[in-house]
2 protein chains.
Amino acid sequence: MTDEVILLDYWPSMFGMGTTKIALAEKGVAYEYKETDPRVKTSLLIETNPIHKKIPVLIHKGKQICEPLIQLEYIDEVWSDTYPILPSDPYQKAQARFWGAFIDKKFYDPSWKVWGTTGEEQVTAKKELLEHFKTLETELGDKTYYGGDVFGFVDIALMGYYSWFKAIEKFGEFSIEAEFPKLTQWTKRCLERDSVVNSLADSDKIVEYAYVLRRKLGAE
Amino acid sequence: MTDEVILLDYWPSMFGMGTTKIALAEKGVAYEYKETDPRVKTSLLIETNPIHKKIPVLIHKGKQICEPLIQLEYIDEVWSDTYPILPSDPYQKAQARFWGAFIDKKFYDPSWKVWGTTGEEQVTAKKELLEHFKTLETELGDKTYYGGDVFGFVDIALMGYYSWFKAIEKFGEFSIEAEFPKLTQWTKRCLERDSVVNSLADSDKIVEYAYVLRRKLGAE
């Protein structure tokens with residue numbers, strides 16, 4: 001058992017993609033990256049996430065931690081002497097967890113349906129997703145980041161989905177910039193951070209990848 | 001703004017019912033209980049949980065905390081000098097959070113479908129729910145509680161659903177005792193605690209309540 005940190009992730013994953021990478025980068029934690037297509041159930045994936053068999057999986061000192069938001073909490077607790085991800089005040093922390101859970105529970109399903117389905121299913125998903133974007137735009141308001149002045153937990157959780165925004169806009173036929181100006185300015189501020197820009201996949205490659213998946217899903 | 005603690009909850013709620021009450025009881029925190037039927041969108045419910053409009057809502061010093069698992073974390077942090085709900089070790093904490101999230105995400109939907117639907121929908125839900133029970137039976141193994149020797153986070157999260165177990169067994173036509181002996185012994189151990197037994201609704205009343213809901217849902 002060593003002190004090493006290993007991350008199993010998959011470059012175009014929508015499931016919290018980038019989230020854990022951003023947190024590790026903010027903390028300055030070096031890690032070994034293992035590209036892991038979750039559709040190929042490798043023995044390492046099955047062994048380290050036997051319940052969900054999903055990425056990302058964080059392995060630290062030979063022990064696995066699953067689920068992006070739980071990984072954020074773990075990273076913040078273990079490397080507590082560097083950049084704080086969660087606020088220290090219990091109420092502010094509860095608020096951060098609330099919005100993290102909102103993104104975790106509400107975003108994935110309508111997002112993939114916007115680029116991966118057609119017809120009524122796509123229309124319903126788009127409506128739902130736009131409502132969630134609106135909720136997040138309202139919650140952000142005139143704050144710099146979701147927690148206030150400091151980049152943290154909710155920003156990391158939401159920026160984990162950023163690489164897919166362009167694909168969602170393209171297949172959903174809407175513009176985040178036109179409809180959600182505050183969110184747009186916020187993404188620009190987040191993208192100024194090395195931790196963010198170095199952790200995310202290229203949006204254009206994600207669009208190409210979404211085209212391939214759409215065909216596989218029969219949506220072309 | 002006072003130091004008072006208020007809990008908006010609804011006696012037969014399946015959504016984490018009992019969870020927050022058990023935690024407050026373990027901590028010895030006195031609170032004002034406000035019975036709140038979530039189908040009646042009272043101004044207090046809308047004001048304190050504007051995003052989900054669901055119970056339970058915990059109000060402390062005039063500020064609201066929503067979602068049962070987030071409430072558990074908050075209660076553990078604010079009243080940190082009494083009974084600990086989460087372990088202090090980051091890895092053990094991550095494990096507790098993982099199983100809490102598993103229960104939070106996986107249990108509600110198949111549970112209500114077992115007592116609230118019929119035919120194929122009910123059959124599918126029952127199969128799914130039994131798989132989840134099996135997963136939880138395996139995870140428990142020969143441990144006394146989910147975290148090991150000490151009653152804590154995962155025990156509280158799962159016992160929040162206990163009042164509904166009888167209704168689920170009745171309409172799902174299966175026996176937890178016959179199929180999941182370890183889980184059964186575990187529930188008996190948990191029910192020895194005052195914090196648990198005083199926080200849960202009467203299982204027979206829940207069965208009666210489920211009959212009423214089934215009729216409303218057209219499942220009778």
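Residues numbered from 1 in each chain as written. Chains lettered and ligands numbered in written order. Predicted model: local features only at pLDDT ≥ 70, side-chain atom pairs only at ≥ 80, totals over all residues. Heavy atoms only, no water.

J.: Just give me the short version of the packing of aromatic side chains, but keep the residues and values in it.
T.: Tallied over the full model, the rule gives 30 aromatic pairs over all chains. Taking 5.7 Å as the distance between ring centres and 80° as the angle between the ring planes, the aromatic pair formed by Y145 of chain B and F151 of chain B counts as edge-to-face. Comparing Y145 of chain B with F151 of chain B, the two get one shared label, buried. Aromatic rings pair up to connect F107, F133, Y161, Y162, F165, F174 and F180 of chain A into one cluster. (Phe/Tyr/Trp six-rings, centres within 6.5 Å; stacked < 30°, edge-to-face > 60°. Buried < 20%, exposed > 50% of the residue type's maximum accessible area, 1.4 Å probe, protein only.)

J.: An account of the environment of R214 of chain B is needed here, citing residue identities and associated values.
T.: Position of R214 of chain B relative to the elements: it lies in helix α12 (residues 203–216). Remark: the alpha-carbon pair of R214 of chain B and W112 of chain B, spanning 102 residues in sequence, is separated by 9.8 Å. (Helix = DSSP H or I, 4+ residues; strand = E, 2+ residues; numbered from the N terminus.)

J.: Break down the relation of the copies chain A and chain B for me, with residues and values.
T.: Of the transformation placing chain A onto chain B, the axial shift is 0.0 Å and the rotation is 180°, giving an RMSD of 0.0 Å. Taken together, these values place the two copies in the relation of a two-fold axis. Ranked by how close their C-alpha atoms come to the rotation axis, the residues of chain A are headed by K105 of chain A, at 4.3 Å. An overlap of 100% is found between the interface residues of chain A and their copies at the interface of chain B, pointing to a shared contact surface. (Least-squares fit on C-alpha atoms with pLDDT ≥ 70 in both. Contact = heavy atoms within 4.5 Å.)

J.: Can you break down the domain arrangement of chain A residue by residue, with the values?
T.: Residues and elements named next belong to chain A. Here chain A is described as being made up of domain 1 (5–78) and domain 2 (90–216). Look at where the C-alpha atoms of domain 1 and domain 2 centre, and you get two points 20 Å apart. Every contact between the two is made by 19 residues of domain 1 and, on the other side, 28 residues of domain 2. Summed over both sides, the interface of domain 1 with domain 2 buries roughly 2000 Å², with 68% coming from carbon and sulfur. (Domains from an automatic or database assignment. Buried area = accessible area lost by both parts, 1.4 Å probe.)

J.: Could you give an account of the interface of chain A and chain B, with specific residues and numbers?
T.: Facing 27 residues of chain A, the contacting portion of chain B comprises 27 residues. Considering only the surface of chain A that becomes buried against chain B, I70, Y91 and F98 of chain A emerge as the three largest contributors, covering 25% of it. The tally of links between chain A and chain B comes to 10 salt bridges. A salt bridge links E77 of chain A to K93 of chain B, with the shortest nitrogen-to-oxygen separation between them at 3.8 Å. At the junction of chain A and chain B, the tally comes to 8 residue pairs in polar contact (both at pLDDT 80 or more). Among the secondary structure elements, those contributing two or more residues to the side of chain A that touches chain B are β4 (63–66), α3 (68–78) and α4 (90–106) of chain A. If one sorts the elements of the side of chain A that touches chain B by residue count, α4 of chain A sits on top with 13 residues. Tallied by class, residues from the side of chain A that touches chain B come to 13 nonpolar, 5 polar and 9 charged. (Salt bridge = Lys/Arg side-chain N within 4 Å of Asp/Glu carboxyl O. Polar contact = N/O pair within 3.5 Å; in protein donor to acceptor, adjacent residues only side chain to side chain. Nonpolar A, V, L, I, M, F, W, Y, C, P; charged D, E, K, R; others polar.)

J.: Tell me what's going on with the sheet that holds strand β4 (residues 63–66) of chain B, and back it up with residues and numbers.
T.: All names here are of chain B. An order of β2-β1-β3-β4 is seen for the 4 strands of this open sheet, with the pairing classed as mixed. With partners counted over all chains shown, the strands left at the sheet margins are β2 (32–35) and β4, one partner each. Averaged over all pairs of adjacent strands, the angle between their axes in this sheet comes to 20°, without regard to strand direction. Along the sheet, helix α1 (residues 19–27) makes contact with β1 (5–9), β2 and β3 (57–60), crossing β1 at roughly 155°. (Pairing = 2+ DSSP bridges. Axes fitted to C-alpha atoms, helices over the stretch in contact; angles between N-to-C directions.)

J.: Can you explain the UniProt feature "domain: GST C-terminal" (unreviewed entry) in chain A? Please cite residues and give values.
T.: Following the UniProt record, one finds the feature "domain: GST C-terminal" (unreviewed entry) at residues 89–213 of chain A. This span, residues 89–213 of chain A, is 74% helix and 0% strand, and a straight line between its end C-alpha atoms measures 43 Å. (UniProt positions renumbered as here; feature names shortened; annotations may be inferred.)

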